[in-house]
Amino acid sequence: GAAEVRKSFAHVPSLIGAMEAEEVGVEHLLRDINDPTVSTVANLVKAKLSGLSTLTEKLVEMKDYLTAVSEGRMKVNSEIIANMQAIVNLLPNLNVEELVRSMLVKNNDMHMVIYLSALIRCVIALHDLVVNKIAYNDEVGDELGLAKGKAVTKVDVGEEKKEDDGDSKAKGDKSQSKKKNSL
């Protein structure tokens with residue numbers, strides 16, 4: 001006869017020891033593990049917002065310093081002025097038309113990808129809903145004894161469509177061969 005296969009797992013007691021340096025290393029690695037409930041996109045947006053707010057704060061602080069120097073409330077510190085000049089020189093020039101156009105194109109591409117992915121998720125959800133409804137109707141029909149007739153009808157209709165498609169393809173192939181022969 002048929003032999004029954006059984007899988008069983010035995011608990012093997014084990015103890016893993018580590019030195020303090022290894023424990024610190026593991027804790028350091030575990031700290032970098034991201035929270036799976038928060039998406040990476042949300043983390044990227046948070047990081048960019050944090051960076052922009054910090055940049056804004058520093059620019060306001062620089063403006064306040066320059067205003068105080070121009071009004072005579074503070075003395076001019078050439079080292080601070082040199083650092084400010086270096087910072088301003090490192091800022092990108094965003095008024096170049098080619099850069100603006102490429103940023104707009106990239107932004108449009110990213111938004112298109114987001115839109116398409118949302119659309120695909122919607123279509124998949126609708127497909128799952130239709131499949132669920134068909135399964136539910138089949139179950140309810142089985143209880144009433146009507147599902148077998150419906151299933152046969154569905155198969156028959158599908159086969160007819162397949163046969164029609166095959167006939168139309170064959171007709172299309174014949175008409176294409178006639179065209180080739182006439183040329």
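The following paragraphs examine the structure supplied in this document. Keep in mind that what you see is a predicted model, and the values were worked out from it rather than measured.

### With respect to the overall build of the chain
For the chain, the helix and strand inventory stands at five helices and zero strands. Counting only residues that meet the buried cut, the chain has 4% of its 183 residues in that class. For the chain, the computed accessible surface area is about 17,300 Å², with 62% contributed by carbon and sulfur atoms.

### What about helix α2 (residues 40-71)?
Between its first and last C-alpha atoms α2 spans 46 Å; for 32 residues at 1.5 Å apiece the expected length is 46 Å, and the two agree. Next to the buried residues of α2 lie α3 (78-90). Just beyond α2, the residue with positive phi is Gly-72, at close to 85°.

### Thoughts on the pattern of salt bridges
For side chains of opposite charge, pairing can occur when their charged atoms come near one another. Taken as a whole, this structure holds two salt bridges when the rule is applied. Across the pair Glu-71 and Arg-73 runs a salt bridge whose closest N-O atoms are separated by 2.9 Å.

### Description of a nonpolar patch on the surface
Judged by side-chain polarity, Met-112, Tyr-115, Leu-116, Leu-119, Ile-120, Val-123 and Ile-124 come together as a nonpolar surface patch covering roughly 680 Å² of accessible area. Looking at the secondary structure, you find Tyr-115 in helix α4 (residues 97-144). Among the residues examined, Tyr-115 registers a relative accessible area of 54% and is labelled exposed.

### With respect to a negative patch on the surface
Where like charges cluster on the molecular surface, the negative patch consists of Glu-20, Glu-22, Glu-23 and Glu-27. Examined against the element boundaries, Glu-27 turns out to sit in helix α1 (residues 20-31).

### Overview of α1
Within an α-helix, residues lying three or four positions from one another point in the same direction, as the helix has 3.6 residues per turn. With 12 residues, α1 should cover 16 Å at 1.5 Å per step; its first-to-last C-alpha distance of 17 Å lies within 8% of that length. Taking burial as the measure, the 12 residues of α1 include zero buried ones, a minor fraction of the element.

Rules used in this analysis
- Residues numbered from 1 in each chain as written.
- Predicted model: local features only at pLDDT ≥ 70, side-chain atom pairs only at ≥ 80, totals over all residues.
- Heavy atoms only, no water.
- Helix = DSSP H or I, 4+ residues; strand = E, 2+ residues; numbered from the N terminus.
- Buried < 20%, exposed > 50% of the residue type's maximum accessible area, 1.4 Å probe, protein only.
- Areas by Shrake-Rupley, 256 points an atom, 1.4 Å probe, with all protein chains shown as cover.
- Expected span 1.5 Å × (residues − 1).
- Contact = heavy atoms within 4.5 Å.
- Salt bridge = Lys/Arg side-chain N within 4 Å of Asp/Glu carboxyl O.
- Patch = residues over 30% accessible without salt bridge, like charges linked within 9 Å, V, L, I, M, F, W, Y side chains within 5 Å.
- Lys, Arg positive; Asp, Glu negative; His and termini not counted.
- Charge placed at Lys NZ, Arg CZ, Asp CG, Glu CD.

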